[in-house]
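Examination of the molecular architecture
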Amino acid sequence: DYHKIRQRLENRIRHQISKIKQGGSYELLSVLKNGIIRLSRFCSTILVLPLVIVVIILVRLIGPIYRIRFGYFSVDRIGHFAFDIEYYLTGIQQTENNRCIDLFAFRGDLCNEQLGRMFRRKAFVHNVFWVFFKVNRWFPGAGNHSVLPGRVTNRSRDLSGRFAHLSRSLCFTDDENSQGRRYLETLGMKELDRFVCLIVRDAHYLNVRYPITSGGWDYHSYRDSDLKRYKEAAQYLVSEGYWVLRMGKYVDKPLDSSQERIVDYANSAERCDFLDIWLMANCHFAISSSTGLDAVADAFRRPVVLVNFLPLSHFQSWSETVLVPKRLRWLNNDRRKLTLNEHLTHNYVRSDGYQSAGIVIEDLTGQEICDAVIEMHQRLTGLWN
């Protein structure tokens, strides 16, 4: 309604003023440039609106014979983007009726060019379809002609078990596979060598990609982990013949290791959007502290060790996973550990939620992380008892 629109407009103006104050003249030019782009898009939308309405009416008329749907994907966060496009594509595998065409728009700043390229090979994508999606919602029967992303319908969670029962849909070209293998060869990796991708979450990615937000990103800090605590696990993997590649687009600290088989890929000159996806898709398994990039491993059906995971109620049950949460203790109860029921009940997605409840968060020790990795290795090699 009017009051909501006014409130959103006021918040937007305050946000832009805050950006200008912090960024100076450079940010002022950026705001003006973005404003001009948005204004031109708005004017273009008004001009094509009559044509769009006619198309939507035609879509309704031919619907009983051939169905056309309009949808979008939020592409600003790699976890949602990777999961949602694979979830959509596996859903198409289950559809027997092929008399349907889906037209998509990407919304937000594309977080990974390779993922965008791979999805475009599978579906029709153009930003103009966002206008069709919005106008389509004005007409009766919009649900039959809309495709919503998993981020909206199921919070990017495989509640129907598609990943467990269907083969992956996203795939690489022969040239891309050759490019990925050439990179492994430059590291000294042989054809039969196995590698593990290591992802340790910190705040640096969000601070770099979205540097100005109301209140900052501190409310996510309960999900961060200390990179040093993963050394034991990395060294164990090397002793078992693996290579370990530390992943990340923007990371806070370098990986301190003299081991040839432990590679700080995230800080290397070779790091790129393509290898971010190819390595996650082809690793023997991944280790993650629960962050967006591990969704790529999930989408490509690679096993994942999830350690220092919170909140526990978000655990994955649809993929091959060994999961160990952070330890929660009551602050004023002799620091007693929370029971499983209490762990699930105190399901907070902000750091201040745990603080208000009187709960202290403790990271896993290096040995506990290593134990989880040992379990995954033994499960995959048939040694787990």
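Residues numbered from 1 in each chain as written. Predicted model: local features only at pLDDT ≥ 70, side-chain atom pairs only at ≥ 80, totals over all residues. Heavy atoms only, no water.

**So, the sheet that holds strand E6 (residues 243–246)**
Paired through their backbone hydrogen bonds, the strands of a sheet run either parallel or antiparallel. An order of E7-E6-E5-E8-E9-E10 is seen for the six strands of this open sheet, with the pairing classed as parallel. Of all the strands in the sheet, the pair left with one neighbour each is strand E7 (262–263) and strand E10 (321–325). Pairing of strand E5 (residues 195–199) with E6, which is carried by four bridges, proceeds in the parallel orientation. If you follow cysteine 197 over to E6, its bridge partner there is leucine 245. Sheet contacts for helix H10 (residues 273–282): E5, E6 and strand E8 (285–288); angle to E5, the most-contacted strand, approximately 120°. Relative to strand E9 (residues 304–309), helix H14 (residues 366–381) is tilted by about 160°, and along the sheet it contacts E8, E9 and E10. (Pairing = 2+ DSSP bridges. Helix = DSSP H or I, 4+ residues; strand = E, 2+ residues; numbered from the N terminus. Contact = heavy atoms within 4.5 Å. Axes fitted to C-alpha atoms, helices over the stretch in contact; angles between N-to-C directions.)

**So, the environment of threonine 321**
Tracing the sequence through the fold places threonine 321 in strand E10. Threonine 321 sits in the partly exposed class, given a relative accessible area of 23%. Setting aside residues no more than four positions away along its own chain, threonine 321 makes contact with Val304, Leu306, Gln316 and Met376. A polar contact of 2.9 Å, which involves the side chain of threonine 321, links it to the side chain of serine 319. (Buried < 20%, exposed > 50% of the residue type's maximum accessible area, 1.4 Å probe, protein only. Polar contact = N/O pair within 3.5 Å; in protein donor to acceptor, adjacent residues only side chain to side chain.)

**Looking at the sheet that holds strand E2 (residues 100–107)**
Here four strands make up an open sheet; going across it, the order is E3-E2-E1-E4 and the pairing parallel. Among the strands making up the open sheet, the edge pair consists of strand E3 (124–125) and strand E4 (146–147). Two strands pair when backbone bridges link them, and strand E1 (residues 67–74) and E2 are joined in this way by eight bridges, in the parallel orientation. Bridge assignment links arginine 69 to a residue of E2, and that residue is aspartate 102. Helix H2 (residues 78–93) rests against E1, E2 and E4 of the sheet, and its axis sits at about 160° to E1.

**Some details on the layout of surface pockets**
Put simply, the second largest pocket is a space of about 1200 Å³. Mapped by element, the contributors of at least two residues to the lining of the second largest pocket are H2, helix H8 (204–209), helix H11 (294–299) and E9. The element that contributes the greatest number of residues to the lining of the second largest pocket is H2, accounting for four residues. Of the residues contributing to the lining of the second largest pocket, the split by class is 19 nonpolar, 11 polar and 11 charged. (1 Å grid on protein atoms, 1.4 Å probe; cavity = no way out; pocket = protein on both sides within 12 Å on 5 of 7 lines; lining within 4 Å. Points joined across faces, edges and corners; volume = space filled by probe spheres on them. Nonpolar A, V, L, I, M, F, W, Y, C, P; charged D, E, K, R; others polar.)

**Brief notes about the side chain of serine 289**
By the secondary structure assignment, serine 289 is in the loop between E8 and H11. For serine 289, a relative accessible area of 1% puts it in the buried group. Setting aside its immediate chain neighbours within four residues, serine 289 contacts Ile199, Val200, Arg201, Arg223, Ser225, Tyr230, Val307 and Asn308.

**Concerning the nonpolar core**
Within the largest apolar cluster, 48 residues are counted, with the highest numbers of intra-cluster contacts made by Phe119, Leu245 and Leu279. Looking at which element gives the most residues to this core, the answer is H10, with seven residues. The contact partners of leucine 245, leaving out residues within four places of it in the chain, are Tyr183, Leu187, Met189, Phe195, Val196, Cys197, Leu198, Val263 and Leu279. (Core = buried A, V, L, I, M, F, W, Y, C linked by side-chain atoms within 4.5 Å.)

**A short note on a nonpolar patch on the surface**
Together, Val54, Ile57, Leu58, Leu61, Ile62, Ile65 and Tyr66 make up an exposed nonpolar region whose accessible area comes to about 640 Å². Topologically, valine 54 is positioned in helix H1 (residues 2–62). On the basis of relative accessibility, which here comes to 45%, the residue valine 54 falls in the partly exposed class. (Patch = residues over 30% accessible without salt bridge, like charges linked within 9 Å, V, L, I, M, F, W, Y side chains within 5 Å. Areas by Shrake-Rupley, 256 points an atom, 1.4 Å probe, with all protein chains shown as cover. Salt bridge = Lys/Arg side-chain N within 4 Å of Asp/Glu carboxyl O.)

**Quick look at the pairing of E1**
Side-chain direction in a regular strand flips from residue to residue, so the side chains alternate between the two faces of the sheet. Counting buried residues in E1 gives seven out of eight residues, a clear majority hidden from the surface. In the sheet, E1 pairs with E4 via two bridges, with the strands oriented parallel. When the bridges of E4 are listed, glycine 71 appears paired with valine 147.

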